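These are the residues of each chain, in order.
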Amino acid sequence: MKSLITVLLAISICVHAIEESEVLRQWNNFKEEYGKNYRSLLETEKRFSIFKNNLEIIEAHNLLFEKKLVSYSLAVNQFADWTSDEFKNYLNPEMVREKSVGNKFFNKTFGFTAPESIDWREKQVVTPVKNQGTCGSCWAFSTVASIESQLGIVKNNLVSLSEQNLVDCSKNGKNRGCDSGLITDSFDYIIENGIIKEEDYPYTGKNGKCRADEFKYVTKLSSYVNIASGDEDALTEAIATQGPVSVGIDGGTLGFEMYSHGIFSDFFCSNRYLNHAVLAIGFGTENGNDYYIIKNSWGEKWGEKGYARMARNKKNMCGIATLASFPQL
């Protein structure tokens, strides 16, 4: 409650603190950078009002960051003219793990000591950050990213795979294209069917008819392994020993939406109700604060060039260990 009061006080101080000319300057820069065009003057006025409100919150939060009262900063990004309801509608509905026959679970090693840090980018087994656009296909991007890394680790063959292949063709279980999906259902699809290179099945960011060519499949999976729900020690060991892990998180808070840099820690995010899929590619510690490194699918202008650091060993922050799995070739 104390932290909430602090935030509200800071916001109240900043509400009228930003010069109108500065708001307009940032508004114009925002529209140009993100190619924003609106259908009418009324829509433009609405979006400007939302942008201004979000900008005030960003500025207030960053004052707290400067005073080291919070561990991460915010910035204007492609979501700055969206309401909180619009952003939440963009995310997946609650993500859950379905019970299925044959699922494997990761067995922790007795006495395992994790290294101080690991970053699979340094081993050149993580493809560049991608952008899902306005399609709710984070589940496909997380799935594909973990398989790409396994190909890099196991086969020494890092190749960009097709999210659109899954959006159009993986209609099993809870997968509904741009309208949400599950990582494990996607793994099940690839076990049975395989997956195609991105260059052979480019991303369109919208639902389409399945155009998969069986002669162009790059790989299938033999299985996938689940992490025991909520077990951060198991998640950390899996990242260290197996490679990047697909994870679900609660990404629905304004803090995550507008995240810029630092170690993300948010009292308001849930560790049970998940709505966004990302890839955990490493972990480390900064000034005594443990964190995971996550690869997002919102482009390189979001966060730390498309990545974020999320608090580790902090009561399963945002549910990062609640729904975690990795594929096996």
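Our structure's up above, just so we're on the same page.
Model, not experiment: these values are computed from the prediction.

Participant: I'm lost on the packing of helix α5 (residues 138-154) against helix α7 (residues 183-193) in this one. Help?
Facilitator: For any two helices packed against each other, the geometry comes down to the angle between their axes and how far apart the axes lie. Relative to each other, α5 and α7 sit at 55°, their axes nearing to 9 Å. If you check the angle between α5 and α7, you find them oblique. In this structure, α5 meets α7 at a crossing whose hand is right-handed. Contact residues: α5 offers Trp139, Ser142, Thr143, Ser146 and Ile147, while α7 offers Ile183, Ser186, Phe187 and Ile190. Classifying every residue of the contact of α5 with α7 gives five nonpolar, four polar and no charged.

Participant: What is the right way to read the environment of tyrosine 201 from this model?
Facilitator: Inspection of the secondary structure assignment puts tyrosine 201 in the loop between β4 (195-196) and β5 (217-219). Taking the C-alpha atoms as reference points, tyrosine 201 and asparagine 131, separated by 70 residues in sequence, lie 15 Å from one another. Not counting residues up to four positions away in its chain, the partners in contact with tyrosine 201 are Ser162, Gln164, Asn165, Asp168, Cys169, Ile196, Lys209, Cys210, Arg211 and Ala212. At 2.8 Å, the side chain of tyrosine 201 forms a polar contact with the backbone nitrogen of arginine 211.

Participant: How should I be thinking about the state of the cysteines in this particular structure?
Facilitator: Defined simply, a disulfide is a covalent bond joining two cysteines at their sulfur atoms. Here the structure, examined in full by the defined rule, presents three disulfides. Here cysteine 169 pairs with cysteine 210 through a disulfide, and the sulfurs are 2.0 Å apart. Disulfide cysteine 169-cysteine 210: torsion about the S-S bond near 95°, hence right-handed. Taken together, the residues cysteine 169 in helix α6 (residues 163-169) and cysteine 210 in the loop between β4 and β5 connect sequence positions 41 residues apart. Judged by its relative accessible area of 12%, cysteine 169 falls in the buried class. A sulfur-sulfur distance of 2.1 Å marks the disulfide that ties cysteine 269 to cysteine 318. The sign of the -90° torsion about the S-S bond sets the cysteine 269-cysteine 318 disulfide as left-handed. In this pair, cysteine 269 is assigned in the loop between β8 (259-264) and β9 (276-286) and cysteine 318 in the loop between β11 (307-311) and β12 (324-328), connecting sequence segments 49 residues apart. With a relative accessible area of 1%, cysteine 318 lands in the buried category. Counting only the cysteines that form disulfides, in the order they appear in the protein, gives the pairing 1-3, 2-4, 5-6.

What counts and how
Residues numbered from 1 in each chain as written. Predicted model: local features only at pLDDT ≥ 70, side-chain atom pairs only at ≥ 80, totals over all residues. Heavy atoms only, no water. Axes fitted to C-alpha atoms, helices over the stretch in contact; angles between N-to-C directions. Helix = DSSP H or I, 4+ residues; strand = E, 2+ residues; numbered from the N terminus. Parallel < 35°, antiparallel > 145°, perpendicular 65-115°, else oblique. Left-handed = near helix turned anticlockwise from the far one by under 90°. Contact = heavy atoms within 4.5 Å. Nonpolar A, V, L, I, M, F, W, Y, C, P; charged D, E, K, R; others polar. Polar contact = N/O pair within 3.5 Å; in protein donor to acceptor, adjacent residues only side chain to side chain. Disulfide = S-S within 2.5 Å. Buried < 20%, exposed > 50% of the residue type's maximum accessible area, 1.4 Å probe, protein only.

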